[in-house]
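Topology and contacts: notes
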Amino acid sequence: MADRIHKPTKFPSRVFEAFHGGDDPAQLSRVAHETANALLSRVRENPDPEIVERLVGYTDEHGIDAVAELWSRASARSLPGALWRLYLVRLLIRQDPTGTSFLYQRGTEVSTTIDQVVAGAPNPTSPDDIVTLADAILRGIFAGDFGVALDRAGAFCRVMAAGATSLADDTDATAPERATELTTRALRFAELADEFSACARLWRTDSLD
């Protein structure tokens, strides 16, 4: 992330739309990998429900900056990179559940894939449903099938990308600036979807570090 994110957790949508997952530094931080591996190993060995819930809601209390400090510079196809992106997507959902559920619902209407089934949100999708989905995906990282949780995150992002693209097409003639914003957002979601899917494949071959 080019801009530094500080508490409180709310941040402008431009930060998300400026986010590029592919521009990873050649030299990754050892601390990012060590903390991600240590945290995940410890919690998954003993997934105490109270600890899991505290981790799921960690950024609600402490802000996204603490997570960003540790993991935002890591490769997209790494454990810390995956964790950072999961927290980022959850934050985006919780900041605007109404807008997110609207985009997601549009995505389910235009998508021809099984992504909405994989993501696991009910149809139609309310703002409360989309917040519940975000928490369920992150909870699955710490106390479930890690690969499945990443697959669900990827599917969610693909549905969101489809919804944003569809809305961009609708507004292109009447509100070109809004259409450009939606197209950019669709590209970011598509990029995140590819990264989550890649991480899921790496996890299943014991190659996600």
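Throughout this document, residue positions are counted from 1 along each chain, in the order its sequence is written. pLDDT decides what is reported in this predicted model: residues at 70 or higher carry local features, side-chain atom pairs at 80 or more are listed and counted, and totals for whole chains, interfaces and linings draw on all residues regardless. Each side-chain value is worked out from all heavy atoms of the structure, with water and hydrogens disregarded.

1. A few points about the overall build of the protein chain
To be explicit about the condition: Think of it this way: any DSSP run of H or I at least four residues long counts as a helix, any run of E at least two long counts as a strand, and we number them from the N terminus. When accessible area is computed with a 1.4 Å probe and restricted to protein chains, residues below 20% of their type maximum are described as buried, those above 50% as exposed, and intermediate ones as partly exposed. Throughout, a residue-residue contact means that at least one pair of heavy atoms, one from each residue, lies within 4.5 Å. Areas reported here follow the Shrake-Rupley algorithm with a probe of radius 1.4 Å; residue values treat only the protein chains shown as occluding.
Within the protein chain, the regular secondary structure consists of 11 helices and zero strands. Written out in order from the N terminus, the α and β elements of the protein chain read α-α-α-α-α-α-α-α-α-α-α. Within the protein chain, the fraction of its 209 residues that count as buried is 48%. A separation of at least 24 residues holds for 76% of the contacts in the protein chain among residues at least 6 apart in sequence. When the accessible surface of the protein chain is summed, it comes to about 10400 Å², and 51% of that surface belongs to carbon and sulfur atoms.

2. Quick notes on the nonpolar core
Applicable threshold: By nonpolar core is meant a set of buried Ala, Val, Leu, Ile, Met, Phe, Trp, Tyr and Cys residues that side-chain atoms within 4.5 Å join together.
Within the largest apolar cluster, 57 residues are counted, with the highest numbers of intra-cluster contacts made by I141, F142, L150 and F156. Where this core is concerned, the elements lending two or more residues are helix 2 (30-45), helix 3 (49-56), helix 5 (65-71), helix 6 (79-95), helix 7 (97-110), helix 9 (127-143), helix 10 (146-171) and helix 11 (176-204). Once residues within four sequence positions are removed from consideration, L150 is found in contact with A82, L86, I141, F196, C199, A200 and L208.

3. Brief notes about the environment of R94
Take R94: it is sitting in helix 6. Looking at R94, the relative accessible area reads 34%, which means it is partly exposed. When the C-alpha positions of R94 and P127 are compared, they lie 9.0 Å apart, and in sequence the two are 33 residues distant. Filtering out sequence-adjacent residues up to four positions away, R94 remains in contact with D60, V131 and D135.

4. Here's the deal with unusual backbone geometry
At the junction of N123 and P124, the peptide bond is cis and its omega measures out at 5° in the coordinates. Phi at D206 is positive, roughly 60°, even though this residue is not glycine. When you line up the elements, D206 lands in the segment after helix 11.

5. Examining helix 11
What counts, and what does not: Helix span is expected to be 1.5 Å times the residue number reduced by one.
Under the 1.5 Å per step criterion, the end-to-end length of helix 11 is 42 Å for 29 residues, consistent within 8% with the ideal 42 Å. Just downstream of helix 11, D206 is the residue with a positive phi angle, here 60°.

6. Considerations on the packing of helix 7 against helix 10
Our working rule: As a rule, the C-alpha atoms of each element are fitted with a line to give its axis, helices using only the stretch in contact, and angles between N-to-C directions run from 0 to 180 degrees. Under this scheme an angle from 65 to 115 degrees is roughly perpendicular, one under 35 degrees roughly parallel, and one over 145 degrees roughly antiparallel; angles in between are oblique. Each residue gets one label: Ala, Val, Leu, Ile, Met, Phe, Trp, Tyr, Cys and Pro are nonpolar, Asp, Glu, Lys and Arg are charged, and the others, such as Gly, are polar.
Contact geometry of helix 7 with helix 10 gives a least axis separation of 7 Å together with a crossing angle of 90°. Relative to helix 10, helix 7 is oriented roughly perpendicular. Two secondary-structure elements touch here, helix 7 through T100, F102, L103, Y104, R106, G107, T108 and V110 and helix 10 through F156, V159, M160, A162, G163, A164, S166, L167 and D170. Of the residues assigned to the contact of helix 7 with helix 10, the class counts are 10 nonpolar, five polar and two charged.

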